[in-house]
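Take a look at the letters that make up each chain.
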Amino acid sequence: MTQIVLALAIGVLTASGVWLMLRPRTFQVVIGLSLVSYAVNLFIFSMGRLRSGAAAFTSKGAEDPALYADPTPQALVLTAIVISFALTALFLVVLLASRGETGSDHVDGQETPE
Amino acid sequence: MTDWQEHLIIGPIVLPMVIAAAMLLFDERRRLLKGGLSLFAMAAILVMALALLHESATGAAGGGDTARVYQLGDWPAPFGIVLVADRLSTLMVALTSVLGACSMIFALARWDRAGPRFHALFLLLVMGVNGAFLTGDLFNLFVFFEIMLAASYGLALHGSGEARIRAGLAYIAVNLTASMLFLIGVSLIYGVTGTLNMADLAVRIPQIAAADRGLFHVGAAVLGVAFLTKCAMWPLGFWLTTTYSAASAPAAAVFAILSKVGAYVIIRLSFLLFAPDSGDSAGFGQLWILLGGLATIGFGTAGLIAARDLSIAAAYAVIVSSGTVLAAVGTGNADVLGGAVFYLVGSTLACGALFMLAEVLNRGQDLGARSGRAVFDDEYFDPFDDEERNEPGLVIPAAVAALGGAFLISTLMIAGLPPLAGFIGKLAMMEALSGLGGWAGYGVIAALSLASLGALIGLTRLGMAALWARDDDAEPAIVVGAAEGVAIAGLLAACLFLAVFGEAGFTYADHTADWLVRPDAYIRAVLGGGA
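Residues numbered from 1 in each chain as written. Chains lettered and ligands numbered in written order. Predicted model: local features only at pLDDT ≥ 70, side-chain atom pairs only at ≥ 80, totals over all residues.

Draft legend 1. Local environment of the overall build of chain A. Counting secondary structure elements, chain A contains 3 helices and 0 strands. Secondary structure elements of chain A, listed N to C terminal, follow the sequence α-α-α. Against the globule reference of 13 Å for 114 residues, chain A gives a C-alpha radius of gyration of 19 Å, more extended than a compact globule. Projected onto its principal axes, the C-alpha coordinates of chain A cover approximately 70 × 25 × 15 Å. Once local pairs closer than 6 in sequence are excluded, the contacts in chain A between residues at least 24 apart make up 54%. (Helix = DSSP H or I, 4+ residues; strand = E, 2+ residues; numbered from the N terminus. Rg over C-alpha atoms; globule rule 2.2 N^0.38 Å. Contact = placed C-beta atoms within 7 Å.)

Okay, here's the thing in structure tokens:
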């Protein structure tokens, strides 16, 4: 059950993110990138196998790795979250600069003539 | 070996980071101090890189070919983080430091005034690139990649203006997407193999269960797409020309190494993870890289011929150079790879020089369009509105003649014509390819020859327009600052150096290729180091 929920969450986030990334407005692209990064973070997390109630650290005398959750993907997710957060902020600044410079929020800096 | 020599390998990463952090303490107006600090940093990195290069050229202390492995925190290899300095990575670090030092000197003439925090961003970029070359595991590769990209976003926008912001927006979006693919690929590989250390991965790949191998290949392919986007393989490289041609000249020159980071990772992973003895995964993706490389050469050459502007032509030259290296990797042959490694060094230096020349030759023609309006008034001061500071210092006499000579050298390098080093690299590749035969061998030879012809036609035409067809009355004479002259001369001197000491350089490249096709030595050096 957990697996299905997680897989659906990743799928829905990715699908909406990709759709938004392909939209012509810069703000939609930012939101799309954020959604995809959430999906990727969940995906990395799931690569450590899904376990509930398992500790992340071993203690002395109980070194059976089967009892514990894999801490590496959790560390990876933490790094990935920080990096994508910072780069989304940077992207927002460029978005504002583009809006100020070109007077349009289209990704090409101008409206496509219909 | 004394203690400080042990730590030499981490120097090209730590030094720029520390100095970049220290620069944030100083006000933007203290240009002299910042310029001096960055020059010091680049000189020190150059010395360290050359020391590392010398060591890998002469072999390890005990003799024989090996890699220098640095275990951070002294954790043994598959568990801790390692830095690995082997022949390929030290060569790339040395290339970065030469190109970086020259770009930095070029920027000191006036571009470092075009926007805030140029020096800190530049040093962080160098740190990220060096880290990506030296790291021994995939996740740190991601981290260094992101440092490099984050700094490059800042540098791409350096100088502001509408063209840069428009190009930067696309550049950031494409690279953020590629980073997501990178993460998906890395985590899939981790999920299947349970390790991120490259040497450990190479050991575990033959043991992957048949049921999981498909998943591993998916991960490797997704990871590959991320790097191929970075090295602008057709059809993933449309972002490159707009970004590089819009970026300020010193930034564009140093960006020439960024696409080589992608090519470096492709070389490293193809030969380490998918070596002939890696079981069912042997040669995975090779055909795609070969076809992609050929398509990239074709696309880049067509673009070069069609380019109307020298900086756009330089951007296409970067694409052609990436395509050539990819096609050579796709053949999977050690001799071809040796030629490609030699070619990569020369063509990267020449592309960097061409970006600088393009800016100098275009000067005075469309400055108004290029500098643009300030977006953030408090951060921005126009470099070209202050006559006194705009004085570029010593001015090189007979600028046009010197520039003509420089242009000739970089054209010969990019087109791969004798007597310069570009020819040696191409000739070595062609000789090995004709030995290889088959459609792949002759196809790549045809592509390389057409690329030479296309580069020659395109660059000669642009050079005539820029140098001979100048209307001296209508345009202001070209003024080359002393720093700019030194930077261009430095890059071209490195190109000439490659030609004069061609044999030593080519032997090094050839040994590098031999080292790369025998990954067991790399694996032993990394994993055996902790035992």
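Draft legend 2. Spatial organisation of the overall build of chain B. For chain B, the count of helices and strands is 22 helices and 2 strands. Partitioning the intrachain contacts of chain B with sequence separation of at least 6 by distance along the chain shows that 81% fall at a separation of at least 24.

Draft legend 3. Spatial organisation of the nonpolar core. All names here are of chain B. The biggest cluster of nonpolar side chains holds 233 residues, and the ones touching the most others in it are M148, I266, A317, L357 and C495. The element best represented in this core is helix α14 (residues 334-362), accounting for 19 residues. Every residue in contact with C495, bar those within four places of it in the chain, is listed here: G346, L349, A350, I409, M413, L420 and A421. (Core = buried A, V, L, I, M, F, W, Y, C linked by C-beta atoms within 7 Å. Buried ≥ 20, exposed ≤ 12 C-beta atoms within 10 Å, placed from the backbone.)

Draft legend 4. Region of the structure containing the interface of chain A and chain B. If you look at the interface, chain A gives 27 residues, while chain B gives 23 residues. Residue assignment for the side of chain A that touches chain B shows that the elements contributing at least two residues are α2 (26-46) and α3 (71-102) of chain A. Residues belonging to the side of chain A that touches chain B are distributed by class as follows: 18 nonpolar, 8 polar and 1 charged. (Nonpolar A, V, L, I, M, F, W, Y, C, P; charged D, E, K, R; others polar.)

Draft legend 5. Region of the structure containing the packing of helix α12 (residues 286-306) of chain B against helix α19 (residues 438-468) of chain B. All names here are of chain B. At a minimum axis separation of 8 Å, α12 and α19 run at an interaxial angle of 15°. When the axis of α12 is compared with that of α19, the two are roughly parallel. Here the hand of the crossing between α12 and α19 comes out left-handed. Two secondary-structure elements touch here, α12 through L290, L294, I297, G298, T301, L304 and I305 and α19 through A440, G443, V444, A447, L450, A451, G454, A455, I457 and G458. For the contact of α12 with α19, the class distribution of residues is 12 nonpolar, 5 polar and no charged. (Axes fitted to C-alpha atoms, helices over the stretch in contact; angles between N-to-C directions. Parallel < 35°, antiparallel > 145°, perpendicular 65-115°, else oblique. Left-handed = near helix turned anticlockwise from the far one by under 90°.)

Draft legend 6. View of the confidence of the model for chain A. This prediction gives chain A a mean pLDDT of 85; 90% of its residues lie at or above 70. Looking over chain A, one finds the lowest element-wise mean pLDDT in α3 of chain A, namely 88, and the highest in helix α1 (residues 2-21) of chain A, namely 93. (pLDDT = per-residue confidence, 0-100.)

Draft legend 7. Summary view of the packing of helix α11 (residues 249-273) of chain B against helix α13 (residues 310-331) of chain B. Residues and elements named next belong to chain B. Packing of α11 against α13 leaves a shortest axis separation of 10 Å and a crossing angle of 10°. The orientation of α11 relative to α13 falls into the category roughly parallel. Residue-level contacts link A252, A256, S259, A263, I266, I267 and S270 of α11 to S311, V318, S322, V325, L326 and V329 of α13. Of the residues that constitute the contact of α11 with α13, the class distribution is 9 nonpolar, 4 polar and no charged.

Draft legend 8. Main features of unusual backbone geometry. Residues and elements named next belong to chain B. Here the amide bond leading from W234 into P235 is cis, since omega sits at 0°, within 30 degrees of zero. One can find P235 in the loop between α9 (210-230) and α10 (238-246). The amide bond that connects P418 to the next residue, P419, takes the cis arrangement and shows omega of 10°. As for its position among the elements, P419 is in the loop between α17 (399-415) and α18 (421-436).

Draft legend 9. Region of interest: the confidence of the model for chain B. All names here are of chain B. In the predicted model, chain B carries a mean pLDDT of 84, and the fraction of residues at 70 or more is 89%. Scored below 50 in pLDDT, residues 366-383 makes 23 contacts in the model with residues more than four places away or belonging to other chains. Here residues 385-390 is modelled with pLDDT under 50, and outside its nearest four sequence neighbours on either side it reaches 4 contacts, counting other chains as well. Interface confidence for the predicted complex, expressed as ipTM, amounts to 0.91; the pTM equals 0.89.

Draft legend 10. The arrangement of α12 of chain B in detail. Here α12 of chain B spans 30 Å end to end across 21 residues, near enough to the 30 Å set by a 1.5 Å rise per residue. Structurally, α12 of chain B contributes buried residues whose contacts are with α9, α10, α11, α13 and α19 of chain B. (Expected span 1.5 Å × (residues − 1).)

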